[in-house]
Amino acid sequence: MESEAVFRAVFDHAAVGIIITDRKENVIHCNPFVLQLLGMERSDVIGKPVKNLYPSFEWHRIRTHNIRRLGLKHHFETKVINRHGRLIDVTIAASVLKDDKGRVAGSIGFIRDMSERKKLDRIRKEFIGVISHELRTPLVPMREGVSQVLEGLLGAINKGQREYLMIVFNEIDRLKRIIDDLLDIFKFEIDKAPMEKDLIDFNSLVKEAHATFSPRARAKGLSIRMKIPAQSIMLYADGERIKQVFANLVGNASFESERVLAYE
């Protein structure tokens, strides 16, 4: 009896949700954590098919694991539905329960609420997107423009102007290093971050890159040629990332030979 009381105390006060189902996949036991997570009463869960707790597309995906047929322990991320129809991100560790003859008697699942972690992940990705798109991308034409003025490509400047522009130039480089360091720290998240796609005019991006880097090319006796059609080419893409590609391809070019920025 003492061991049963200990088990009941652990079951009721566990910091994870625990659901036990029978061989027909109906819920026969669940702890208070599950009811609190779903905002439900015991009568909403006990005796009901466990699949009712999942959106249909998630239940179909879970069934593809064939946990009961294979008799495996399985860990996966999924979503459950609370009383108000809101989807909750969770992880579940599920195991098959068998009787003394080795027959499947049901299953037990341990559920962790991942809502806060998912929320923090979204905030982090949004922050990384702001750094990458809104801060780093504009630095390339800013630095190039100041550099061209300092080199006299756009006309003569006096000593005072040069000193002030050197401060600006050095601060741009310092900001770029800070941004690059931050992006290196979050490189893994950046690789997973979704693209911010929109309808963009590809011709305009080409013209912008041409205008930014042509003065330096001309100063070296070279040219960047454009071959673009008269009609606009509209793309559904991440414009800021395409700008980064152009900046890397053209801005990092050594201009040792003529560079042609063109597309048919």
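The written sequence of each chain sets the order in which its residues are numbered from 1. Local features in this predicted model are restricted to residues whose pLDDT is 70 or higher, and side-chain atom pairs enter the listing and the counts only when it is 80 or higher, whereas totals over whole chains, interfaces and linings include all residues. By convention in this description, side-chain values take in all heavy atoms of the structure and omit both hydrogens and water.

Visitor: If you had to explain the overall build of the protein to someone new, which residues and values would you point to?
Guide: To qualify as a helix, a DSSP run of H or I must reach at least 4 residues; to qualify as a strand, a run of E must reach at least 2; elements of each kind are numbered from the N terminus. Along the backbone of the protein there are ten helices and nine strands. Relative accessible area decides the class of each residue, using a 1.4 Å probe on protein chains only: under 20% of the type maximum gives buried, over 50% gives exposed, and in between gives partly exposed. Expressed as a percentage of the 264 residues in the protein, the buried residues total 34%. Taking all contacts inside the protein whose residues are at least 6 apart in sequence as the whole, residues at least 24 apart take part in 59%. The protein chains shown are the only cover counted for residues, whose accessible areas, like all others here, come from Shrake-Rupley with a 1.4 Å probe. Accessible surface, the protein as shown: approximately 16,800 Å² in total, 56% of it carbon and sulfur. Whether two residues touch is decided by their heavy atoms; if any such pair falls within 4.5 Å, the residues are in contact.

Visitor: Hey, could you go over a nonpolar patch on the surface for me, with residue numbers and the actual values?
Guide: Patch definition: residues with relative accessible area over 30% and no salt bridge; like charges joined within 9 Å; nonpolar side chains (Val, Leu, Ile, Met, Phe, Trp, Tyr) joined within 5 Å. Criterion for a salt bridge: a side-chain nitrogen of Lys or Arg within 4 Å of a carboxyl oxygen of Asp or Glu. Among the surface-exposed residues, Leu 199, Met 234 and Tyr 236 lie close enough to one another that they form a single nonpolar patch of about 370 Å² accessible area. Considering the arrangement of structural elements, one finds Leu 199 in strand β6 (residues 198-201).

Visitor: I'd like a description of the packing of aromatic side chains, backed by residues and values.
Guide: Aromatic pairing here means that ring centres of Phe, Tyr or Trp (its six-membered ring) are within 6.5 Å. Orientation follows from the plane angle: under 30 degrees is stacked, over 60 is edge-to-face, and everything else is tilted. Per the stated rule, a full pass over the model turns up one aromatic pair. Ring geometry for Tyr 54 versus Trp 59: centroids 5.6 Å apart, planes at 35°, classification tilted. Here Tyr 54 matches Trp 59 in class, with each residue buried.

Visitor: Report on helix α4 (residues 56-63), specifying residues and quantitative values.
Guide: Residues that lie three or four places apart on an α-helix share one face, since the helix turns once every 3.6 residues. Within α4, burial applies to Glu 58, Trp 59 and Ile 62. Down the axis, α4 shows its buried residues gathered within 100° of arc, on one side only. Among the exposed residues of α4, those pointing more than 90 degrees away from its buried face are Ser 56 and His 60. Close packing links the buried residues of α4 with β3 (74-81). As used here, the arc belongs to the directions running from the helix axis to the C-beta atoms.

Visitor: So what about the sheet that holds strand β4 (residues 87-98)? Which residues, and what values?
Guide: Strands pair, by our definition, only if DSSP identifies at least two bridges between them. Judged by pairing direction, the sheet is antiparallel, and its five strands sit side by side in the order β2-β1-β5-β4-β3 without closing on themselves. Pairing within the sheet leaves two strands with one partner each, and these edge strands are β2 (27-30) and β3. Neighbour-to-neighbour, the strand axes of the sheet open up by a mean angle of 30°, direction not taken into account. The pairing of β4 with strand β5 (residues 104-113) spans nine bridges and is antiparallel. Residue pairing across strands places Val 96 opposite Ser 107, the latter belonging to β5. Fitting a line to C-alpha atoms yields each axis, with helices limited to the stretch in contact; the angle taken between N-to-C directions then spans 0 to 180 degrees.

Visitor: Describe the nonpolar core, listing the residues and the values that go with them.
Guide: Nonpolar cores were defined as sets of buried Ala, Val, Leu, Ile, Met, Phe, Trp, Tyr and Cys residues, with membership established by side-chain atoms within 4.5 Å. Formed by 21 residues in total, the largest nonpolar core has its most connected members in Ile 19, Cys 30, Val 50, Tyr 54, Val 90 and Ile 92. When contributions to this core are tallied by element, the ones reaching two or more residues are β2, α2 (32-38), α4, β3 and β4. Beyond its immediate sequence surroundings of up to four residues, Val 50 is in contact with Ile 19, Thr 21, Glu 25, Asn 26, Val 27 and Trp 59. Among the nonpolar cores identified, the runner-up in size contains ten residues, and Leu 150, Leu 165, Phe 169 and Ile 172 belong to it.

Visitor: I'd like a description of the confidence of the model for the protein, backed by residues and values.
Guide: Confidence per residue, as judged by the predictor, is encoded in pLDDT with a range of 0 to 100. Mean pLDDT for the protein: 80, with 85% of residues reaching 70 or above. Put simply, strand β9 (residues 259-260) is where the protein has its lowest mean pLDDT, 42, and β2 is where it has its highest, 93. Counting contacts from residues 254-264, a segment whose pLDDT is below 50, to residues more than four positions away or on other chains yields 35 contacts.

Visitor: How would you summarise helix α6 (residues 115-150) if you had to cite specific residues and measurements?
Guide: The span one expects for a helix is its residue count, reduced by one, times 1.5 Å. Here α6 contains 36 residues, and its C-alpha end-to-end distance of 52 Å stays within 8% of the 52 Å for a straight helix at 1.5 Å per residue. Residue Leu 139 marks the point of greatest curvature in α6, where the axis turns by about 30°; the proline Pro 141 follows within four residues. Phi turns positive one or two residues past the end of α6, at Gly 152, with a value near 75°. Two axes define the bend at a residue: one fitted to the seven residues ending there, one fitted to the seven starting there, and the bend is the angle between them.

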